[in-house]
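Structural characterization, general
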Amino acid sequence: MKSFNFKSATNTKEATKMATGRTTFIAGGMTLLPAIKLGLAAYSDLINIKKIKSLSGIKISSKSLRIGAITTHTEVSVSKEVGKSIPSLAVLAEGIGDPQVRNRGTIGGSVANNDPAADYPAACLALNATIHTSKRKIPVDKFFKGMFETDLKKGEIIETIEFEVPEKSGYAKFPNPASRYAIVGVYVAKLKKEVRVAVTGVESCVFRCKKLEDVLSNNFSPAAIDNVNISSKGFNSDIHASAEYRAHIIKVMAKKAVSSC
Ligand SMILES: Cc1cc2nc3c(=O)[nH]c(=O)nc-3n(C[C@H](O)[C@H](O)[C@H](O)COP(=O)(O)OP(=O)(O)OC[C@H]3O[C@@H](n4cnc5c(N)ncnc54)[C@H](O)[C@@H]3O)c2cc1C
């Protein structure tokens, strides 16, 4: 069904009320509209959430950075607050897609969609994010469930994403030259209590790499990664890169990410 009703909500309560039956939320439409056009998804009603003021804005405190769900990738990439507190997040946002995608696409849409090659899920996982929704707070370790699958329930809206401000962090991506989605993306973060490393583009869902976390916890330097052996078992193998190549590139990107801190 390529025809649908288009409704706008002005607050999250109203949006949630509208979300019954074959409906879904639309933010930037950068993923949803191509999926509908290609016949991969069909809805009777799209509920526009871009007019909900409470979903916008970037707020910083000493411990965390909160970004409203409808904040675009461009807004994150040029934000002074982001540049000051978590510069690697601005780098990540600047490397998403092309200017059109960055000007329309939103952080909430990217996180809700959980594409296996998307960039923001890696940032969320590495920066120990909390996903604030219209119903609850979800710790990131419980949020990403599988390919295009999250813990969100029908009618639940992501309101803000709260990132822990790290001591150091870096993101490096080996991008698909056409779409800029990650063939391999590695986000490293030295947090107050732990080192977290998240990898995207490599399996059906973003994941933490324990081997890299262990060596970087002892010595947060590119050299520490030299002797790590990354097994390619279970990794994606496609026209862009074999599983073995992805395993190799994880180390290369991890070193680049640590060097950029
Ligand atoms: C050509 C192209 C290149 C791209 N390159 C990259 C890239 O390099 N890296 C990358 O990470 N991404 C890339 N993307 C994806 C882009 O980042 C999109 O912004 C993102 O996937 C979806 O955001 P959106 O706001 O457009 O969401 P939409 O398309 O509007 O929605 C996507 C899904 O999320 C749901 N949703 C949206 N907002 C919320 C919310 N607040 N709460 C609950 N559910 C919500 C919708 O119901 C829908 O199911 C690319 C896309 C295109 C078209």
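Everything discussed here concerns the structure shown above.
These lines cover the structure that appears in this document, whether it is placed above or below. This one's a predicted model, so the numbers in the text were calculated from it and none came from an experiment. Every chain begins its residue count from 1, and numbering advances along the sequence as written. For a predicted model such as this one, the threshold for reporting local features is a pLDDT of at least 70, and the threshold for listing and counting side-chain atom pairs is 80 or more; totals across whole chains, interfaces and linings nevertheless cover every residue. Calculation of side-chain values draws on the structure's entire complement of heavy atoms; hydrogens and water are dropped beforehand.

In this section: the packing of aromatic side chains. Stacked, edge-to-face and tilted labels apply to pairs of Phe, Tyr and Trp rings (six-membered ring for Trp) whose centres lie within 6.5 Å, assigned for plane angles under 30 degrees, over 60, and everything in between, in that order. The tally for this structure, following the rule as stated, stands at 4 aromatic pairs. Between Phe174 and Tyr245, the aromatic rings sit 6.1 Å apart at their centres with planes inclined by 70 degrees, giving edge-to-face as the arrangement. Highlighted residues: Phe174 in strand E11 (residues 168-175) and Tyr245 in helix H10 (residues 243-259), separated in sequence by 71 residues. Each residue gets one of three labels from its accessible area relative to the maximum for its type: buried under 20%, exposed over 50%, partly exposed in between, using a 1.4 Å probe on protein chains only. Taking the relative accessible area as the measure of exposure, Tyr245 reaches 36% and is therefore partly exposed. Secondary structure elements follow DSSP: runs of H or I of four or more residues count as helices, runs of E of two or more count as strands, with numbering from the N terminus.

Lining the immediate surroundings of the ligand are 30 residues, of which Phe25, Gly29, Thr31, Thr106 and Asp119 lie closest. Within the side chain of Tyr181, an N or O atom sits 3.0 Å from a nitrogen atom of the ligand. Method for areas: the Shrake-Rupley scheme with a 1.4 Å probe, in which residue coverage is limited to the protein chains shown. For the ligand, whose unbound accessible area comes to 980 Å², protein coverage reaches 89%. When residues of the shell around the ligand are traced back to their parent elements, those giving at least two are strand E2 (23-26) and helix H7 (107-113). Element by element, the count of residues in the shell around the ligand is highest for H7, at 4 residues. What makes a residue near a molecule or strand is one non-hydrogen atom of that residue sitting within 4 Å of it. Two N or O atoms count as a polar contact when they lie within 3.5 Å, although within protein this holds only if one can serve as hydrogen donor and the other as acceptor, and sequence-adjacent residues are included solely when both atoms are side-chain atoms.

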